[in-house]
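One letter stands for each residue in the lines below.
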Amino acid sequence: MKEISEWRLMNDEAHTQTIAQIQGTKTTHDCILCGQPAYCGVEDGKQECWCFELAKRDTSGLPKGQCVCRACLSGLPLLQA
Ligand SMILES: [Zn+2]
């Protein structure tokens, strides 16, 4: 029972964080393209970022190591394999 309640707590926490990232209430930097507040999991000290779960975009025209917001990333051309 202890494990189950802990798992539920972690899930709620992750859920809350995801909502905060989508709504823009939790941000780490400003998007380099549009200047809107954006969130990067890596900049937040995490191993992962939400962008890892999306199809790879061609970010070759952007400064290295800088993230853009969800809206701008989805507007970039898909990276050709
Ligand atoms: Zn943007």
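Residues numbered from 1 in each chain as written. Predicted model: local features only at pLDDT ≥ 70, side-chain atom pairs only at ≥ 80, totals over all residues. Heavy atoms only, no water.

A.B. asks: Sorry, what's going on with the coordination of the zinc ion here?
C.D. replies: When four donors bind a metal tetrahedrally, each ideal donor-metal-donor angle is 109.5 degrees, and when six bind octahedrally, the ideal angles are 90 or 180 degrees. Looking at the metal site, the zinc ion is ligated by Cys31 (SG), Cys34 (SG), Cys69 (SG) and Cys72 (SG), spaced 2.2 to 2.4 Å from it. Around the zinc ion, the four donor atoms sit at angles spanning 103 to 123°, and that spread fits a shape best called tetrahedral. (Donors = N, O, S within 2.8 Å, 3.2 Å for Na, K, Ca; no water. Tetrahedral: all angles 85-135°; square planar, octahedral: opposite > 155°, others 65-115°.)

A.B. asks: Sorry, what's going on with the packing of aromatic side chains here?
C.D. replies: Note on aromatic pairs: each is described by the distance of the centres and the angle between the planes. Per the counting criterion, the structure on display carries zero aromatic pairs. The residue whose ring lies beneath Arg70 is Trp50, and the NZ or CZ to ring-centre distance is 4.6 Å. (Phe/Tyr/Trp six-rings, centres within 6.5 Å; stacked < 30°, edge-to-face > 60°. Lys NZ or Arg CZ within 6 Å of the ring centre and 35° of its normal.)

A.B. asks: Honestly, the pattern of salt bridges in this entry has me stumped. Any pointers?
C.D. replies: Charged atoms that come close allow side chains of opposite charge to pair. Tallied over the entire structure, the rule returns two salt bridges. Lys46 is the partner of Asp44 in a salt bridge, and the nearest nitrogen-oxygen pair spans 3.2 Å. Taking relative accessible area as the criterion, Asp44 reaches 28% and is therefore assigned partly exposed. Judged by its relative accessible area of 33%, Lys46 falls in the partly exposed class. (Salt bridge = Lys/Arg side-chain N within 4 Å of Asp/Glu carboxyl O. Buried < 20%, exposed > 50% of the residue type's maximum accessible area, 1.4 Å probe, protein only.)

A.B. asks: How should the nonpolar core be read in this particular structure?
C.D. replies: The nonpolar side chains of soluble globular proteins are, as a tendency, buried together. Core analysis: the largest hydrophobic core is formed by 13 residues, its most contacted members being Cys31, Trp50, Val68, Cys69, Cys72 and Leu73. Apart from residues no more than four positions distant in its own chain, Cys31 is found in contact with Gln36, Ala38, Cys67, Val68, Cys69 and Cys72. (Core = buried A, V, L, I, M, F, W, Y, C linked by side-chain atoms within 4.5 Å. Contact = heavy atoms within 4.5 Å.)

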